[in-house]
Every structure is written in C-alpha cells, then in structure tokens.
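# Commentary on secondary and tertiary structure
Residue strings, one per chain:
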Amino acid sequence: MTVIALNRCYPGIREKEAGIEAVVGRTDEGFEVRAALPGVDKEKITLLVDSGRLVIKALRESSFAQGREIRRELAQGEMKKEYYLPESVDVDNVSARFENGLLTVRLPLRQQSGPRAVSIE
Amino acid sequence: MKPVKRNDEKRMDVARRYDPFRDFFDEFESMFEDFFRPGLVSRTEDSPALIHADVGEDDEKYMVRAALPGMDEENIKVSVEDGVLSIQAERTEEESEEKKGYFRREIGYGRYERRFRLPDNVNLDKVDARYKNGILDIDLPKKEKGMSKKEIKVKGA
C-alpha cells in the first residue's frame, strides 16, 4: 500500500524494507515519514540516516508480561523499515519525534540555490 | 507495524479448547473483512478501519491491547452493550497540517473500530481502559466464582 503511494507520488523516495507500517508525505520543507510503532518504548527505536538511506529499527515486547495469550494480531520482536532517499534530502537537518506510538521523521530538502552565472576563465 | 495473521495450525489448536473470545472473532471479523484492508496509518477508505489487538487473560482478568498509534485519548470511545465490547476511535488532523494540503490524502485519518463479544464472566462494573504510548489497554476483570451461578429452586405444582 505504501509502496504504491510512494512510487506514484514521490519517485524520489523508495521503500527497501517494509517491516513497519508507515506512510510518506510531502510537506512544505520536504518529506515526512510517519511510522506506526504502538507499544514500543522510545529507547527501543533506532533511527539511522545517511546520504541516500533512512533506516528505522524497533523492538516490540509481548503485550502480556503475565498471563496467557488468546489472540495475537500485533507484531512482536524486531521490526525494520528502510527507505532510499533522494540526494536532495538535507541529511544534517533530519529530525524525529515519538508521540503516542507514532514516529514522525522530518526530512527537509536542501535549499535550492537559484541559477548562478559561472565566469569563464 | 504489520498485523500478524493467525496461521491455521494455531487456529486448530485454539479451536480445540473452550475459548470465549474465538466465537466473537469468527463471527464479527467477517463484517470488516476486505481484500484491501486499510492499515493503521495508511488508509483512504471512508468506512471505518479495523483496529488490531492482542487478547490475553490471567486468573483475574481478560486483557485487550489495541493498537491506536497517534491518537488523542479524547477521540477514543470504549463501550459495552449486550455483551459486546466496542472500541471506536477517530484521528483528526491538526489544522496546521491540513494547510499542508498534500499530506491529508496520504496519512491515515478518519474512523477506526473493533468489536469483541465478551464471555459471560466479565465483571462489567470494573472494566478499565487506559491509553498509553499508542496502545489502548482494556482490562476486563472476571467475576468471582459463584457470582455468575444461581440456584433455581424447583417448586412443586
């Protein structure tokens, strides 16, 4: 579902690994990734960004510390999501916040400088 | 987070023993079954999306742990009627984000719901619900043994 939306609307960002449900949206400053990580502790989320790549890793424990599980629908254990990023993403200014089980990663684009005259030697 | 599909092997195992929750799932889930089921954050359908949940129990209570990432607790409603537990939630976008325009179409907003048929031994007066870190915790204490049992005196003609 995400892949379709990505390829159709934002050819710059491609999904590599899809272990976490997330969507990518366009914002005024660039892109924003929202990943659903309900019940995951903030300390158990790893976010990596370098030129061309965004990796989200998370570890989710069982819903029940005690008792018997009757039905399981939520993912447990290690989860991973990976995107290829376009070069225009300003890697140094990527920021993230985690609130109510939703991870929001802001990926601003580099300021485009206007056309510049190049002197000929 | 991707919902985990229960495999047939486990289903058989569960079916062998008495499981009050199973009856509900088989009956109600088909109502929402859809080839292209909307997800937790990515949905564009007008109909409510299915809330995924883990269900467990211990000696004192049944426990429902429903995934509702990025919600406000004011937008989550929990009710019990005719032995059916209903969870309804709505995600509303902040005004500033609506102005961004593009995002609205992609990010999940709208209504979510899930219903569970409850076993008879739930003490409805003591059902407790909390929302924390994107998970709605519902504890459904069991009635003490004997509370749901009543002797009926047989009268003579």
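Structure's up top.
The text that follows walks through the structure, step by step, so that each part is easy to find. Only a predicted model underlies this, so the values are computations on that prediction, with no experimental measurement involved.

Further remarks concern the overall build of chain A. The helix and strand inventory of chain A stands at one helix and nine strands. Along chain A, helices and strands appear, N-terminal first, in the series α-β-β-β-β-β-β-β-β-β. Here chain A, with 121 residues, has 43% of them falling under the buried criterion. If you take every contact in chain A between residues at least 6 apart in sequence, the share linking residues at least 24 apart comes to 50%. Here chain A displays about 6,700 Å² of accessible surface, and carbon together with sulfur accounts for 45% of that area.

Now for the sheet that holds strand 2 (residues 22-26) of chain A. All names here are of chain A. Strand order across the open sheet formed by four strands is 2-3-9-8, with antiparallel pairing between neighbours. Because the sheet does not close on itself, it has two edges, and the strands there are strand 2 and strand 8 (95-99). Ignoring strand direction, the axes of neighbouring strands in this sheet form an average angle of 15 degrees. Pairing between strand 3 (residues 30-36) and strand 9 (residues 102-108): seven bridges, direction antiparallel. In the sheet register, phenylalanine 31 faces strand 9, and the bridge partner there is leucine 107.

Another point: the pattern of salt bridges. Following the criterion strictly, the structure yields 19 salt bridges over all chains and no others. Lys44(A) serves as the salt-bridge partner of Glu61(A), at 3.5 Å between the closest nitrogen and oxygen. Note that Glu61(A) is positioned in the loop between strand 5 (53-60) and strand 6 (68-71) and Lys44(A) in the loop between strand 3 and strand 4 (45-50), a separation of 17 residues in sequence. With relative accessibility at 44%, the residue Glu61(A) sits in the partly exposed group. What makes Lys44(A) partly exposed here is its relative accessible area of 34%. The partner of Arg53(A) in a salt bridge is Asp50(A), with the nearest N and O atoms 3.6 Å apart. By sharing partners, the salt bridges in this structure join Arg65(B), Asp128(B), Arg130(B), Asp137(B) and Asp139(B) into a single network.

Reading the values: rules and limits
- Residues numbered from 1 in each chain as written.
- Chains lettered and ligands numbered in written order.
- Predicted model: local features only at pLDDT ≥ 70, side-chain atom pairs only at ≥ 80, totals over all residues.
- Heavy atoms only, no water.
- Helix = DSSP H or I, 4+ residues; strand = E, 2+ residues; numbered from the N terminus.
- Buried < 20%, exposed > 50% of the residue type's maximum accessible area, 1.4 Å probe, protein only.
- Contact = heavy atoms within 4.5 Å.
- Areas by Shrake-Rupley, 256 points an atom, 1.4 Å probe, with all protein chains shown as cover.
- Pairing = 2+ DSSP bridges.
- Axes fitted to C-alpha atoms, helices over the stretch in contact; angles between N-to-C directions.
- Salt bridge = Lys/Arg side-chain N within 4 Å of Asp/Glu carboxyl O.

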